[in-house]
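Overview (structure and organization)
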Amino acid sequence: MKKIQKQCLCFLLTGFCFLCGCTRGISHEVMAKIDGREVTKSEYMVYLYTTTESFVSTAGDDVWNMNFDGQTGDELVQERAFNTLQNVVAAEVYAKQNGISLTEEQKKEVQASVDTFLAETAPEDLEKMGIDEKQLYRLMESSYLYSLVYASLAEECAVNDEKVQSAYADKRLMEMTKKQTVERMPGAWEDLSTFHQ
């Protein structure tokens with residue numbers, strides 16, 4: 001079970017490793033509301049960036065020339081970024097309802113990761129994301145919390161096979177996101193680009 005938790009955390013934190021700490025260009029524009037929780041453009045851009053990085057690391061630069069059941073690479077990345085946000089919001093709600101929170105040690109790990117990642121981030125990507133250190137900390141904290149919730153949901157499955165446990169946790173999170181009320185703000189979704197050249 002710890003292996004699943006570590007894998008999930010590594011995936012999410014790796015995705016966040018290129019995030020920024022600059023305050024220039026921070027966008028508080030609301031892109032959507034998920035169960036009443038506002039999602040800002042800066043927050044979405046972080047998820048868009050991490051999803052882009054994940055796609056490129058998996059499929060290479062040719063991912064942008066592929067067709068994914070009628071979707072372009074850009075469209076799929078944008079959809080997956082938003083789906084990730086929905087899962088994180090669902091995990092936040094689940095954590096609150098079930099008393100799941102980060103320990104002080106885990107919070108220190110989050111801060112250390114933020115500090116390291118901020119030092120290694122390309123300035124042009126930081127500016128495009130438009131997020132500050134405080135927002136980054138909150139996002140990484142939510143990511144860590146998501147991994148704890150994911151592990152908790154996987155533990156509900158009594159089967160020892162990690163793939164079955166992982167599929168069960170994915171299904172539970174998907175069920176939670178289907179119950180969410182999502183409102184996308186008109187005009188906020190225009191002219192978005194992924195981070196590929």
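Keep in mind that what you see is a predicted model, and the values were worked out from it rather than measured. (Residues numbered from 1 in each chain as written. Predicted model: local features only at pLDDT ≥ 70, side-chain atom pairs only at ≥ 80, totals over all residues. Heavy atoms only, no water.)

1. Let's talk about the packing of aromatic side chains
What counts is decided by this rule: What counts as a ring pair is set by centres within 6.5 Å for rings of Phe, Tyr and Trp (its six-membered ring), and what kind of pair is set by the plane angle: stacked under 30 degrees, edge-to-face over 60, tilted for all other angles. Helix and strand definitions follow DSSP, with helices as H or I runs of at least four residues and strands as E runs of at least two, each counted in order from the N terminus. Burial classes follow relative accessibility: with a 1.4 Å probe on protein chains only, a residue under 20% of its type's maximum area counts as buried, one over 50% as exposed, and anything between as partly exposed.
Enumeration over the complete set of coordinates arrives at 2 aromatic pairs. The interplanar angle of 70° and the centroid separation of 6.4 Å between the aromatic rings of phenylalanine 55 and phenylalanine 68 together place this pair among those described as edge-to-face. Residue phenylalanine 55 is found in helix 2 (residues 41-59), and its partner phenylalanine 68 is found in the loop between helix 2 and helix 3 (73-97); the two are separated by 13 residues along the sequence. Relative accessible area serves as the criterion here: at 13%, phenylalanine 55 is assigned to the buried category. Here phenylalanine 68 falls in the partly exposed class, since its relative accessible area comes to 23%. Considering the side-chain rings of tyrosine 146 and tyrosine 150, the 6.1 Å spacing of their centres and the 40° angle between planes classify their relative orientation as tilted. Residue tyrosine 146 and its partner tyrosine 150 are located together in helix 6 (residues 133-155), separated by 4 residues, close to a single helical turn.

2. Side note on the sheet that holds strand 1 (residues 30-34)
This is how it is decided: Only strands joined by at least two bridges in the DSSP assignment are considered to pair. Here, axes are lines fitted to C-alpha atoms. For helices the fit covers the stretch in contact, and angles between N-to-C directions go from 0 to 180 degrees. It only takes one pair of heavy atoms within 4.5 Å for two residues to be counted as in contact.
Within the open sheet, the 3 strands sit side by side as 2-1-3. Their pairing is antiparallel. Edge positions in the sheet fall to strand 2 (37-40) and strand 3 (182-184), since each has one partner strand and no second. Strand-to-strand, the axes of this sheet are offset by a mean angle of 20°, without reference to chain direction. Two elements, strand 1 and strand 3, share 3 bridges in a ladder whose sense is antiparallel. Note that in strand 3 the partner of alanine 32 across the bridge is arginine 184. Across the face of the sheet, helix 2 comes into contact with strand 1 and strand 2 while running at roughly 65° to strand 2. Across the sheet, helix 3 touches strand 1, strand 2 and strand 3, and the angle it forms with strand 1 is around 45°.

3. A look at the pattern of salt bridges
Formally: By definition, a salt bridge exists where a carboxyl oxygen of Asp or Glu is found within 4 Å of a side-chain nitrogen of Lys or Arg.
Tallied over the entire structure, the rule returns 4 salt bridges. With its nearest N and O atoms 2.8 Å apart, the salt bridge here joins arginine 37 to glutamate 43. With relative accessibility at 3%, the residue glutamate 43 sits in the buried group. Arginine 138 is the salt-bridge partner of glutamate 43, the closest N and O atoms lying 3.8 Å from each other. Here glutamate 43, found in helix 2, pairs with arginine 138, found in helix 6; they are 95 residues apart in sequence, far enough to count as distant.

4. A short note on the packing of helix 3 against helix 6
Inclusion rule: Oblique is the label for any angle not covered by the other classes, which are roughly parallel (under 35 degrees), roughly antiparallel (over 145) and roughly perpendicular (65 to 115). By convention the crossing between two helices is left-handed if the near helix lies anticlockwise of the far one by an angle smaller than a right angle, and right-handed if it lies clockwise. Each residue is assigned to one of three groups, with Ala, Val, Leu, Ile, Met, Phe, Trp, Tyr, Cys and Pro labelled nonpolar, Asp, Glu, Lys and Arg labelled charged, and all others, Gly among them, labelled polar.
Close contact between helix 3 and helix 6 brings their axes to 9 Å; oriented N to C, the two are set at 70°. As judged from the angle between their axes, helix 3 and helix 6 are roughly perpendicular. Crossing geometry of helix 3 relative to helix 6 is assigned as left-handed. Packed against helix 3, whose contacting residues are Asn87, Val88, Ala91, Glu92, Tyr94 and Ala95, the element helix 6 presents Ser142, Leu145, Tyr146, Val149, Ser152 and Leu153 at the interface. Grouping the constituent residues of the contact of helix 3 with helix 6 by class yields 8 nonpolar, 3 polar and 1 charged.

5. Quick notes on the confidence of the model for the chain
Using the following cut-off: pLDDT is a per-residue confidence score from the predictor, ranging from 0 to 100.
The predicted model of the chain averages 79 in pLDDT, with 79% of residues at 70 or higher. Confidence drops under pLDDT 50 across residues 1-24; counting only partners more than four residues distant or on other chains, this segment forms 69 contacts.

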